[in-house]
Amino acid sequence: MTYYLLYGLAWLISLLPYRLLYGLSDFLYLIVYYVVRYRRGIVRKNLTTSFPEKSIHEIVSIEQKFYHWLCDYAVETIKLLTVSDHELVRHLEFRGTEAVEQCLDNGQPCAWLLGHYCNWEYLSATALGMKRWGVEPEEGGESSRRESRAVMGLIYKPLRNDAMDRLFLTIRQKKYGTCVSRKDILRKLVQLKQEGRMSLFGYIADQSPRWENIHLWLNFLNHDTPVFTGSERIIQKMRQPTFYLDMERPERGKYVCTIKLISEHPEQMSIEELTKTYFAELEKSIRRAPQYYLWTHNRWKRTRQT
C-alpha cells in the first residue's frame, strides 16, 4: 500500500513540465535547507575538510548550490516516470560513445565506472545515447520501441525501505535500463556471456564500505578514504573494457555525459591501479563543480583505527 501511494504521488508530480518541476524544486530547497536543515552539519563538515583552501564564504556558497541541486535531482528523477524519449534526449547528451560501441561490435561487454555526481539516475537512459546498440527516439515523442541489442543498466544497492526501493527500481527501469543487485551482478554477467549477449553496466563505486569490506585506503578529496573494490574485481574477472562516465551540468536541466577510456584490458592492471585511476577521475569531476556531488553521506566516518 505504501508503494502504491508513493508511486501515485510521484506519477502525478512527473506529469508536470520541467518549468514547473524546477519551480517546485525552488520551493523544496527553502524547506530542506532553511527549515528542515537536512544533514547540514555533515555537509558543512565534508565540504570544509575536502576544500581547506576555500573560505567560509565559498564553502557556504557551494553548500547552498548543492542543496538547490539536490532538490533538482529529486524532481528530475521523478520525471523519469513519464518523460518521453524524445524529450529526455533534449536534456541528456552522450559524448564519446563510439569507443564503447566499437567494443560491443567486437563482442566485448563493457563496464562504466561513475560516482554519486550529477544525476546518476539518468544512467538508466543509456540506451537512448547508443546509436548502434540502443533505441532511437522518434520525432514527436515516442521511441521506435526497438529492443536494445545489449543489456544496459546499473548495479544498485537495495534500499532499506521496501516501498522506496521498489519505487526507485520502477523509475530506474522506465527507460530501458536493467537494474541488478550488486550481490547478483557477477551471476548475471556470466549468464549473459553464456547466452552470447552483450552488456553495458554502470558501477557507482564510491560508496562508503563496512569495516569488514574495506579493501584499500587512498587519498580522495583531502581524506584518507576507505574503499571497497568489489566493482573492480568483477570487471577484472569478466575482462571488460572499462570507461569512466564524466557527467557535467552546463545549465539547469541539461546533462552531458562524456565517456573516457580507463583501460581496454583492466585485467592487466592491479586492483589498486584501477581503483586509483577511477577515483582520480571522479575527483577531477568534483573539483570542477563540487555542488553536484552527494555531500550528505558521512563518507569519512571511518579511520584506520575505528
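So, how was this worked out
Residues numbered from 1 in each chain as written. Predicted model: local features only at pLDDT ≥ 70, side-chain atom pairs only at ≥ 80, totals over all residues. Heavy atoms only, no water. Helix = DSSP H or I, 4+ residues; strand = E, 2+ residues; numbered from the N terminus. Polar contact = N/O pair within 3.5 Å; in protein donor to acceptor, adjacent residues only side chain to side chain. Contact = heavy atoms within 4.5 Å. 1 Å grid on protein atoms, 1.4 Å probe; cavity = no way out; pocket = protein on both sides within 12 Å on 5 of 7 lines; lining within 4 Å. Points joined across faces, edges and corners; volume = space filled by probe spheres on them. Nonpolar A, V, L, I, M, F, W, Y, C, P; charged D, E, K, R; others polar. Buried < 20%, exposed > 50% of the residue type's maximum accessible area, 1.4 Å probe, protein only. Arc of directions from axis to C-beta. Axes fitted to C-alpha atoms, helices over the stretch in contact; angles between N-to-C directions. Parallel < 35°, antiparallel > 145°, perpendicular 65-115°, else oblique. Left-handed = near helix turned anticlockwise from the far one by under 90°. Phe/Tyr/Trp six-rings, centres within 6.5 Å; stacked < 30°, edge-to-face > 60°. Lys NZ or Arg CZ within 6 Å of the ring centre and 35° of its normal.

**Q** I'm lost on the side chain of Ser263 in this one. Help?
**A** Here Ser263 lies in strand S9 (residues 254-263). Within the local environment of Ser263, its side chain forms a polar contact with the backbone nitrogen of His265, the two atoms lying 3.0 Å apart. Other than its neighbours up to four places away in sequence, Ser263 contacts Pro241, Thr242 and Met269.

**Q** Please explain empty space enclosed by the protein as it appears in this structure.
**A** Gaps left between atoms show up when a probe the size of a water molecule is rolled over them. The full count for this structure, using the stated rule, is 2 cavities of 30 Å³ or more. Space inside the largest cavity adds up to approximately 80 Å³. Asp206, Gln207, Ser208, Thr225 and Pro226 are, among the 13 residues lining the largest cavity, the residues nearest its centre. In terms of residue count, the dominant contributor to the lining of the largest cavity is strand S7 (residues 223-227) (3 residues). Residues that form the lining of the largest cavity fall into these classes: 8 nonpolar, 3 polar and 2 charged. Roughly 40 Å³ of internal volume is contained in the second largest cavity.

**Q** I keep staring at helix H6 (residues 97-105) and nothing clicks. Help me out?
**A** Side chains three or four residues apart in an α-helix point the same way, a direct result of the helix having 3.6 residues per turn. Within H6, burial applies to Thr97, Val100, Glu101, Cys103 and Leu104. The buried residues of H6 occupy an angular sector of 155 degrees when projected down its axis, which confines them to one face. Buried residues along H6 sit in contact with strand S1 (92-95), strand S2 (110-114), strand S3 (150-156), strand S5 (198-204), strand S8 (242-251) and S9. Note on H6: the residue one or two positions beyond its end, Gly107, has a positive phi of about 80 degrees.

**Q** For this particular structure, what's the right way to read the packing of helix H1 (residues 2-14) against helix H7 (residues 162-172)?
**A** Running from N to C, H1 and H7 point in directions that differ by 45 degrees, and their axes come no closer than 9 Å. It follows that H1 is oblique to H7 by the angle criterion. The element H1 and its partner H7 pack so that their crossing is right-handed. Where H1 approaches H7, its residues Thr2, Tyr3, Tyr4, Leu6, Tyr7 and Ala10 are matched on the opposing element by Ala163, Met164, Arg166, Leu167 and Thr170. Broken down by class, the residue content of the contact of H1 with H7 amounts to 8 nonpolar, 2 polar and 1 charged.

**Q** What is the right way to look at the packing of aromatic side chains in this model?
**A** The way to describe two aromatic rings as a pair is by their centre distance and the angle between their planes. As enumerated under the stated definition, the model contains 23 aromatic pairs in all. With a centroid separation of 6.0 Å and 35 degrees between ring planes, the pair formed by Tyr3 and Tyr7 is classed as tilted. Remark: Tyr7 and Tyr3 occur in helix H1; sequence separation between them is 4 residues, near one turn of the helix. The buried category is assigned to Tyr3, whose relative accessible area is 11%. In this structure Tyr7 comes out as partly exposed when scored by relative accessible area, which is 23%. Ring plane angle 70 degrees and centroid distance 5.3 Å describe the contact between Tyr122 and Tyr255, whose orientation is recorded as edge-to-face. One end of the pair, Tyr122, is in the loop between S2 and S3; the other, Tyr255, is in strand S9, and 133 residues separate them in sequence. Among the aromatic residues, those joined into a ring-pair cluster are Tyr29, Tyr33, Tyr34, Phe66, Tyr67, Trp69, Tyr73, Tyr117, Trp120 and Tyr292. The ring of Tyr33 has Arg40 sitting right over it, with the charged end atom 4.1 Å from the ring centre.

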